[in-house]
Each structure stands twice: as structure tokens, then as C-alpha cells.
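So you can see what is in the structure, the chains are spelled out below.
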Amino acid sequence: MALSAILVNPAKSFPIETVRAAFPSLQACDGGLARIYLDGPGGTQVCAPAIAAITRHFEAGTANSGGSFATSQNSDATTAAARAAMADLLGGGPDEIAFGPNMTSLTIAVARALARDWQPGDELVVTRLDHDANVAPWLAVAADRNMTVRWLDFDPRDGQLDIGSLPSLINAQTRLVAVGHASNAIGTLHDIGKIVKIVRQFSNALVFVDAVQSVPHVTVDVMAMGCDLLVCSPYKFFGPHQGVLWGHRELLERIRPYKLRPSPDYPAARRFETGTPSFEGQAGTAGAIEYLETLGGGICPVANDRRGRLAETMAACISYEEQLGHRLLEGLATLPAIKLWGPPTMAGRVPTFGMTIAGHDPHAVATALATRNIYAWAGSFYAAEAVERLGLTDRGGLLRLGLCHYNTIGEVDRTVEALAEII
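Residues numbered from 1 in each chain as written. Predicted model: local features only at pLDDT ≥ 70, side-chain atom pairs only at ≥ 80, totals over all residues. Heavy atoms only, no water.

**Student:** So what about the pattern of salt bridges? Which residues, and what values?
**Tutor:** Taken as a whole, this structure holds 17 salt bridges when the rule is applied. Residues Arg35 and Asp30 are paired through a salt bridge, measuring 2.8 Å at the closest nitrogen-oxygen approach. The closest approach of N and O atoms between Arg389 and Asp153, which form a salt bridge, is 3.0 Å. Placement of Arg389 in helix H14 (residues 384-389) and of Asp153 in the loop between strand S6 (148-152) and strand S7 (174-180) is noted, with a sequence separation of 236 residues between them. Taking relative accessible area as the criterion, Asp153 reaches 27% and is therefore assigned partly exposed. (Salt bridge = Lys/Arg side-chain N within 4 Å of Asp/Glu carboxyl O. Helix = DSSP H or I, 4+ residues; strand = E, 2+ residues; numbered from the N terminus. Buried < 20%, exposed > 50% of the residue type's maximum accessible area, 1.4 Å probe, protein only.)

Dropping the structure here:
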């Protein structure tokens, strides 16, 4: 039975108390006032299984990889387990997973490696809506190679990419299309499968996907998407600071990344892992995925494999986050001074909400919320092109509220009340 059938009223049946108990930082209070974490798009709180996995790695003794002694073998086992867990989360294979310090570093490494084979006159496509980590690396290599950059625009009224114009932007010279799965500024969720089909119809270009904002909120299936490369960040889905790259095995074997000569060439994904990795970070990443897997098993019939159990968890979280999002949108609608940017409903978005408030600087509002123990971000969030396109660069950017499955209806209501007081 699908979770959507089980969770008739997710806000009531979702095990929110169990979820919140798994996050030590959610228990903190300041001056008797509980914290409300709405800063998840910039980094979520870390779940107890991830923290425990990091601690176990250090307590058991750490060492570099490739040795014949126990601690080195344990590090190798930690890496293997983390690759397998990430592969199940994304729908790829373990040997198609590379770890790095963050998504930005991995994207820069991929851009430099791919650009080795690009020539003057070649072209690539970036969007006006993406985080700059999926824009600037491509602009840099395009400048180095004297390539042409084409921009996929979005509609400021609803935050939707102008996918209809994509065929006019790609041709036989297009080498890559870089696109985000979900906007970190205004929450728009894009149909990557549709974008990939258009690209395949008009070119042989690669499709590189920034899934940092989507992985915490939707089921990501790289095979169903059809993309070539995808990056995400475990610290955005309840784990430690890490970056993850997925790529098709055959493609990874063709790319020539910058690496040290003695470092391994196979599996090909390892060539992107420059230097000694964070084994503790990999352990914590596997711990975060363990949390998601066991959460799914606790709220519905358990699937036979981890990929299935993770899908069950994500289905439950999607339903619950939609309830939270609807509640927030209803509350914001009672405050006429607030303008929401991006999709007007929960359809076609993740629960990330970018807004402006007439007569108020977004940074001042974020500071006022912080005095009430409500944590939110203000600014551009590195989505520089998006904020510029919205005409908000000189106005301080956006106030951003981000919900995830550890938030509660009560927290949403308290936030709306706080905004009403501030306005």
C-alpha cells in the first residue's frame, strides 16, 4: 500500500515526535523559548544516527585507506558503505559515487575536467535561477576556452524556467546544459526528465543537475531523470558537511579529472576524490541515510530493499511537508505586505519560500525573527542571477523560510504570528 493511502491526514499521522527526538539540536531552548529552525535550505540539523556514526568512526580508530591493518580496513569499509547508501538514495551504482568536501568543489572539478576536451566555439547553457555553484564554474571554463554561454531564463511571476525556449538555445555545438532540480531561493521544482528529453532531441550535450535542494524533499532517481551527472550535499539532508557526485560509469571513465598520479583510476568515480577524504563525513552520510531508511520502516510496511524503504520515507515526508507548506501559505496570505516569489501553491515546488515584505529590509526581518528564536536567512543565498532577475539585488534580496519534515504545525503558526508582529 502506498504511503499516500496510509497517511490520509499526514499532519496528524506523521510520527513527528519520533522524528524530532532523532535530532538533538531540536531539543535546545534559549531563555525558555524553543528554537524554530527554518534555515534548512542553507543546511539542516544533523540527525542522531549521523552523529553516532561519526563518533563511532573516531572512537574505533581512524586511518587512511588502502592499508592492511584494521583501522585502515575499517576506513575502506566506511567508504564502501557510504557509496552503497548514496547509490540507493539516488538510484545509481556504488561505483558511480564520488565524495568531496562540498558540491561546489566537486562541480568545479567536473567543469575543469570536461573543459579539457572543449574547444573555442563550443557552447553551454546555464540558467538564471540556479545557485551560483552551478553557474560560475561553467562561466569560468567557458571564458578559458572561449566558448559561448547561453542563458535559460525564468518567469519572475511564478519562478518557472522557460523550458519552451530551451530548443532555441541548444545545437550541435552545445556541450553541456547545467540546471538545478529545485531553486534554493524560491523553491521551484523542475521537471528534469522533460529537460533531458529536449536536450537529447537537439544535441549530444551532457546534462549536469544540481540536486542540493531537491534530495531532502523528493525522491531522486537518476535513471528516471536520464541526466548524465548530478551533485548533492548530505548536510542539506540531515548529515555532515560533504558533497556527493553521481555520474554514469561509462562517462566517468571517459572524463579526465585533475588528480595526483599515484591516486587510483578505478572505480572511475574515485578520480574525483582528491587527497585524503573525510572518512568521518562519509560515516555520517551513511548514518543520515540509515535514519531515513529506518524512519520509513517505522511508519509504513517495509519494502524489501533499502531503495524501497527510502522511497517510502520520502513519500511520507513529501505528504507531511505539503501540509506544513499549505499551513504557511495560508498564514502568509493573511499578511498583505508579504509578496511570495515562486510557485503560489505547493504544486511544483519544494517547501522553500522566498519573500519580500513591503517597507521592510529582509535582513532586518531575519534579525527580528532571530530575537524570537526563529532562524531564517535573508539575502541572495548565492542565487545571484535569480535575485538580480527578480529586481531585488539593491533591495537586500529575499527573506527565506525553509520547512522540512522535522518542523511542526505549531512552529509554522508561531512564525506567522511573529511576522505579523514585526510587520
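**Student:** Please set out unusual backbone geometry residue by residue, giving values where relevant.
**Tutor:** Between Tyr266 and the following residue, Pro267, the backbone shows a cis peptide bond with an omega angle of -5°. Located in the positive-phi region is Phe381, a residue other than glycine, with phi close to 55°. Note on placement: Phe381 falls in the loop between strand S14 (377-379) and H14. Of note in the backbone geometry, Tyr382 takes a positive phi value of approximately 70° without being a glycine. The residue Tyr382 is located in the loop between S14 and H14 in this model.

**Student:** Let's hear about the packing of aromatic side chains: which residues, and what values?
**Tutor:** Where two aromatic rings form a pair, the distance of their centres and the angle of their planes describe that pair. Enumeration over the complete set of coordinates arrives at nine aromatic pairs. Relative to Trp138, the ring of Trp118 has its centre 6.4 Å away and its plane inclined at 40°; by these criteria the two rings are tilted. Pair noted here: Trp118 is in the loop between helix H6 (103-115) and strand S5 (123-127) and Trp138 is in helix H7 (residues 136-145), with a separation of 20 residues, a long-range link. With relative accessibility at 5%, the residue Trp118 sits in the buried group. On the basis of relative accessible area, Trp138 is assigned to the buried category, the value being 0%. Look at Trp138 and Phe208: their rings are 5.1 Å apart centre to centre, the planes differ by 70°, and that puts the pair in the edge-to-face class. Of the two residues, Trp138 sits in helix H7 while Phe208 sits in strand S8 (residues 206-210), which places them 70 residues apart along the sequence. The exposure class assigned to Phe208 is buried, which follows from its relative accessible area of 0%. Among the aromatic residues, ring-to-ring pairing joins Phe23, Phe238, Tyr291 and Tyr406 into one connected group. (Phe/Tyr/Trp six-rings, centres within 6.5 Å; stacked < 30°, edge-to-face > 60°.)

**Student:** For the sheet that holds S14, give the residues involved together with the corresponding values.
**Tutor:** As a general point, the strands of a sheet are linked pairwise by backbone hydrogen bonds and lie either parallel or antiparallel. Ordered in space as S11-S12-S15-S14, the four strands form an open sheet in which the pairing is antiparallel. In this open sheet, the two edge strands, each paired with only one partner strand, are strand S11 (338-341) and S14. The sheet shows a mean angle of 35° between the axes of neighbouring strands, direction not considered. By the bridge criterion, four bridges tie strand S12 (residues 352-357) to strand S15 (residues 398-402) in an arrangement that is antiparallel. Residue pairing in the sheet places Thr352 in a bridge with Gly402 of S15. Relative to the sheet, helix H13 (residues 362-370) contacts S12, S14 and S15, its axis offset from that of S15 by approximately 40°. (Pairing = 2+ DSSP bridges. Axes fitted to C-alpha atoms, helices over the stretch in contact; angles between N-to-C directions. Contact = heavy atoms within 4.5 Å.)

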